[in-house]
Amino acid sequence: QDEYWTLVPGALGQYLVQTDSSTMVLITNEWTFVEEEGLYRNNSLNFHYFNIEGEYTNTWLLNFHEIDSLIISPLRSAGRIAGRNAMTKLANGKYLVGGHGRWDSTYTTDNENFNDYYEQYCNNFKDSYFFQSMPSSDVGVLDKEDSPPMINPMIFTFNSALDSLLRVDTLEAVPYYGSVVLIREIAPDTLIIGYHKSNESRHEIMETDSLFNVRWKTEFGQIDYWVADIYDFEVTSDGDYLVSMYYNYLWSSRPYNRNRLFKFCKNTGELLWQKIIRNGGNISFMFTLTSLEDDKYLLAYDDCCLPPPGNNLTEYVFHENTGLHLRIIDNDGNTLEQKSLVDFLSAHLYTYGEPTDFCYENPDEAAPWYRPLQTIKNPDNTFLISGILRSTGTSCYLRGFLLKLDENLDPLWVRVFEIDKKNYILDCINTVRLNNILNKGDNIFLGGTFESICTYPTYYEPFYFDVFFWSGILIPLDEYGCYEPDCHLFIDTPEWEYDLYITFFPNPANTTLNVLIDRPEIKHKQKTLFISDLSGHGMLTKHFTGNELQVSVKGFSPGVYIAYILSEGHILKSEKIVVN
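Residues numbered from 1 in each chain as written. Predicted model: local features only at pLDDT ≥ 70, side-chain atom pairs only at ≥ 80, totals over all residues. Heavy atoms only, no water.

Chemist: Tell me what's going on with the overall build of the protein chain, and back it up with residues and numbers.
Modeler: The secondary structure content of the protein chain amounts to 3 helices and 36 strands. The buried share of the protein chain, taken over its 580 residues, is 57%. The long-range share in the protein chain, meaning contacts at least 24 apart out of those at least 6 apart in sequence, stands at 56%. Surface exposure of the protein chain reaches about 23,900 Å², of which carbon and sulfur atoms provide 46%. (Helix = DSSP H or I, 4+ residues; strand = E, 2+ residues; numbered from the N terminus. Buried < 20%, exposed > 50% of the residue type's maximum accessible area, 1.4 Å probe, protein only. Contact = heavy atoms within 4.5 Å. Areas by Shrake-Rupley, 256 points an atom, 1.4 Å probe, with all protein chains shown as cover.)

Structure, rendered in structure tokens:
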């Protein structure tokens, strides 16, 4: 509600849902102070209510510590951006939300290393973070023969207005880490539930009735990853289940990320197959899974980079295929069609050119690394994809984006969002995560988080040793994805005064369009000519150096278009052109 964002501890934006014809709810995961323990716990949910125009009305705070002091992190998921399918609306109107669990406080161990580790690192942070380092033998803290701490994954039931908690259910306790990240009602009295088991990278999927009585369950996943989350879920046309998984393994000489797709039998839960989703041996961070017609499914995934040198987790090496890609698969995971969006998205790169003590976004190294977090199919068979844009290999300013595809999966437009830099915390990774889309026809609403995490170890008691600030965000847009109305028709004011020295001719054009730039100082800079129609649909993208360019417009329908010259994330010139 302020002119600029207020950064507060907690407030991790998780879900944006429409409860009825006039109300939207943004659910954020909050940190609240527990006086008897003298520390903050990630133990509360805030339900922020908005009307259908996006205007804030009120907030309901639900503190789980007041319900049960042993409940840990009610919405926590390992990757912070996962768990998007851990909330579902039932046919009866109620909502189910997956929780991190209840900690068995009676857990003790005689392991000397374990107790030393606890005293050294965790005295001021008695939460689930402590147990995340336990499963891997690489850590060398807890013997495999020692009894691990046990966690009950939990499910919370809310009423249809999301303003009352009706009941809390606990699943069977699992060692180390238990977080429900998938809940889906498949049929009356039939639920599919997925949760962490044994460690962060081992999971279990099961079918239950509406009272969570188990009919079958299957353990799956790969051990000894640092982070792994069930991310997306679809029911196939033959009734079986597709599950996407995001893996992140950091503790090696070559850290890497992998995306895997699993298929389970609907009757028995048997794992039918699993496949890695990536190009070659490159790193792939995230992919979304969306059902199409005719037994087909759309995967939107990033193929960002080569493994970083050594154990450097903040700098990645881009390659020529860095960007967002699409893949259509069948029921058996076979690839039917692939499409790259790299050329289109290369025209939409943004860098913050002012170096800080922490990092510098080098425009010469920029690439269209668009990481998808959600894909939805619209009633008119178009698609919207939201996520994170990270233009350079360093972890500096990660922006949010919204991309629209037509029915043929061709890009129409993309909008990029970032928080006003007056509120950036220097020497931290500042990220806009857009992981929820509500498309209301004339309006689009994006829900997510502005996150600022510092990477240097320091103590801000009574918090964890990484400094972090989260603010849940709601972004109201028009049907063209514009925060300010008619942005798709707006002739941008150039940041530099190069517009007087850039000429498009002839205008009107018949078969060719020429570009002439009368500024020798930018002759050797990488530049992009981008032409769109008045709706924002990209028609042509051409990268070039030098100060002259000629392109063909023979395939353009007669009409008015907008031509842009971009360089280093800035619009140097934009002008309406007419094609006869």
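What follows picks up the thread again.
Chemist: Outline the environment of Thr 375, listing residues and values.
Modeler: Among the structural elements, Thr 375 can be located in strand 23 (residues 369-377). When residues no more than four places from it in sequence are discounted, the contact partners of Thr 375 are Thr 288, Thr 290, Leu 298, Ala 300, Phe 383, Leu 384 and Ile 385. Among the polar contacts listed, one links the side chain of Thr 375 to the side chain of Thr 288, at a separation of 2.6 Å. (Polar contact = N/O pair within 3.5 Å; in protein donor to acceptor, adjacent residues only side chain to side chain.)

Chemist: A description of a nonpolar patch on the surface should follow, citing residues and the corresponding values.
Modeler: A grouping of Leu 489, Leu 534, Val 560 and Val 578 is seen on the molecular surface, where their side chains present a nonpolar patch of about 260 Å² in accessible area. Within the element layout of this structure, Val 578 appears in strand 36 (residues 570-579). By relative accessible area, which is 30% here, Val 578 ends up partly exposed. (Patch = residues over 30% accessible without salt bridge, like charges linked within 9 Å, V, L, I, M, F, W, Y side chains within 5 Å. Salt bridge = Lys/Arg side-chain N within 4 Å of Asp/Glu carboxyl O.)

Chemist: Which residues make up the state of the cysteines, and what are the values?
Modeler: Under the definition given, this model contains 1 disulfide. Note on cysteine connectivity: Cys 304 is disulfide-linked to Cys 305, with sulfurs 2.1 Å apart. Here the S-S torsion is close to -45°, and the disulfide linking Cys 304 with Cys 305 is therefore left-handed. When sorted by exposure, Cys 304 lands in the same class as Cys 305, which is buried. (Disulfide = S-S within 2.5 Å.)

Chemist: Residues and numbers for the sheet that holds strand 19 (residues 287-291), please.
Modeler: Pairing in this open sheet of 4 strands is antiparallel, and the strands run 19-20-21-22 from one edge to the other. Every interior strand has two partners, whereas the edge strands, strand 19 and strand 22 (335-340), have only one. Going from strand to strand, the sheet's axes swing by 20° on average, the running direction of each strand aside. Here strand 20 (residues 297-306) pairs with strand 21 (residues 317-329) via 9 bridges, running antiparallel. (Pairing = 2+ DSSP bridges. Axes fitted to C-alpha atoms, helices over the stretch in contact; angles between N-to-C directions.)

Chemist: So what about the sheet that holds strand 35 (residues 559-567)? Which residues, and what values?
Modeler: Taking strand neighbours across the sheet as the criterion, the 4 strands line up as 33-32-35-36 in an open arrangement whose pairing is antiparallel. At either margin of the open sheet sits one strand with a lone partner, and together these are strand 33 (538-544) and strand 36. Adjacent strand axes in the sheet meet at a mean angle of 15° when their direction is disregarded. Note that strand 32 (residues 527-533) and strand 33 share 6 bridges and pair antiparallel. Paired with Lys 527 across the strands is Phe 544, a residue of strand 33.

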